[in-house]
Amino acid sequence: MTQRMACEASDVFRAAAPVSFPLNTTTDCRPTHPITVVEFHGTADEIVSYYGVGLFGFQGARKSLATWAALDGCSGEPVRTQLKGLSRDETFTECRGGTRVGLVSIAYAFHEVYGNADVDIADYIWSHVFNDVP
């Protein structure tokens, strides 16, 4: 639902933070405005694959990051930030309208990434996504 909101209501919302669910490749996503999107995915997710196609045919987290970067007209390389453990944040900071597009990879986490030891997702969303939107 968060991905759909970002695609269809970018004129209402300025940021979205989907957790464990990438952009669906069968969806025709055409946001009317650039929108900050920072996704959260576990690298060991077997339902929604991190690297390839998952259980239900959704694109992987890496491809979803690339798709959002293209939709928001991002350029350059993402800024990589090492988080606790082996988890990391990769965020494109040079996107249209001052938006950002990122992927927070939770190392060894499965589909349910809440409660992991590396990243407090709610706190991270508040302090690094919603609190820093143009």
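Residues numbered from 1 in each chain as written. Predicted model: local features only at pLDDT ≥ 70, side-chain atom pairs only at ≥ 80, totals over all residues. Heavy atoms only, no water.

Novice: Sorry if this is basic, but what is going on with the overall build of the protein here?
Specialist: The helix and strand tally for the protein stands at three helices and five strands. Taken against the 2.2 N^0.38 rule, which gives 14 Å for 134 residues, the C-alpha radius of gyration of the protein at 14 Å falls within 12% of a compact globule. Each principal axis of the C-alpha distribution contributes one length, and for the protein these read about 35 × 30 × 25 Å. When contacts within the protein are restricted to residue pairs at least 6 apart in sequence, those whose partners lie at least 24 apart make up 52%. (Helix = DSSP H or I, 4+ residues; strand = E, 2+ residues; numbered from the N terminus. Rg over C-alpha atoms; globule rule 2.2 N^0.38 Å. Contact = heavy atoms within 4.5 Å.)

Novice: Explain the sheet that holds strand S1 (residues 15-16) here, please?
Specialist: Sheets are built from strands that pair by backbone hydrogen bonding, the pairs being arranged parallel or antiparallel. Across the sheet, five strands lie side by side as S1-S2-S5-S4-S3; this open sheet has mixed pairing. Only two strands of the sheet have a single neighbouring strand rather than two, namely S1 and strand S3 (79-82). Across four bridges, the pairing between S3 and strand S4 (residues 88-92) is antiparallel. Bridge pairing links valine 79 to threonine 91 in S4. (Pairing = 2+ DSSP bridges.)

Novice: Just checking my understanding: could you explain the state of the cysteines for this structure?
Specialist: Here a disulfide denotes a covalent bond joining the sulfur atom of one cysteine to the sulfur atom of another. Taken as a whole, this structure holds two disulfides when the rule is applied. Disulfide partner of cysteine 7: cysteine 29, at an S-S distance of 2.1 Å. Taking the torsion about the S-S bond as the criterion, the cysteine 7 to cysteine 29 disulfide, at about -105°, is left-handed. On the criterion of sequence distance, the pair formed by cysteine 7 in helix H1 (residues 2-8) and cysteine 29 in the loop between S1 and strand S2 (36-42) is long-range, its members being 22 residues apart. Both residues of the pair, cysteine 7 and cysteine 29, count as buried. Disulfide pairing places cysteine 74 opposite cysteine 95 at an S-S distance of 2.0 Å. With the S-S dihedral at roughly 100°, the linkage between cysteine 74 and cysteine 95 falls on the right-handed side. Taken together, the residues cysteine 74 in the loop between helix H2 (61-71) and S3 and cysteine 95 in the loop between S4 and strand S5 (101-106) connect sequence positions 21 residues apart. (Disulfide = S-S within 2.5 Å. Buried < 20%, exposed > 50% of the residue type's maximum accessible area, 1.4 Å probe, protein only.)

Novice: Mind showing me how you'd approach the packing of aromatic side chains here?
Specialist: Each aromatic ring pair is summarised here by two numbers: the centre-to-centre distance and the angle between the ring planes. Applying the stated rule across the entire model yields two aromatic pairs. A ring pair is formed by phenylalanine 40 and tyrosine 124, whose centres lie 6.0 Å apart and whose planes are at 85°; its orientation type is edge-to-face. Linking phenylalanine 40 in strand S2 with tyrosine 124 in helix H3 (residues 121-128), this pair joins segments that are 84 residues apart in sequence. The pair phenylalanine 40 / tyrosine 124 is uniform in exposure class, with both members buried. Geometrically, the ring pair formed by tyrosine 50 and tyrosine 51 is edge-to-face, given 4.5 Å between the ring centres and 80° between the ring planes. Residue class for tyrosine 50 comes out buried when judged on its relative accessible area of 2%. (Phe/Tyr/Trp six-rings, centres within 6.5 Å; stacked < 30°, edge-to-face > 60°.)

Novice: Got a minute to help me understand H3 in this structure?
Specialist: Along an α-helix, residues three or four apart share an orientation, since each turn contains 3.6 residues. Along H3, the residues that are buried comprise Ile121, Tyr124 and Ile125. Looking straight down H3, one finds that the buried residues subtend no more than 100° of arc, so they occupy a single side. In this structure, H3 carries Ala122 and Trp126 as exposed residues pointing more than 90 degrees from its buried face. Contact partners of the buried residues in H3: S2, S4 and S5. (Arc of directions from axis to C-beta.)

Novice: Before we go on, may I ask you to explain the nonpolar core in this structure?
Specialist: Where a protein is soluble and globular, its nonpolar side chains tend to be buried together. Counting residues in hydrophobic clusters, the biggest one holds 17 residues, and the most contacted among them are Ala6, Val37, Trp68, Cys74, Phe92 and Val101. Elements that contribute at least two residues to this core include exactly H1, H2 and S5. In terms of residue count, the dominant contributor to this core is H2 (four residues). Setting aside residues no more than four positions away along its own chain, alanine 6 makes contact with Ala16, Pro31, Ile35, Val37 and Trp68. By size, the runner-up hydrophobic cluster in this structure holds 14 residues, among which are Val104, Ala109, Tyr124 and Val129. (Core = buried A, V, L, I, M, F, W, Y, C linked by side-chain atoms within 4.5 Å.)

It is worth stressing that arrangement in space is one thing and function is another; only the former is reported here.
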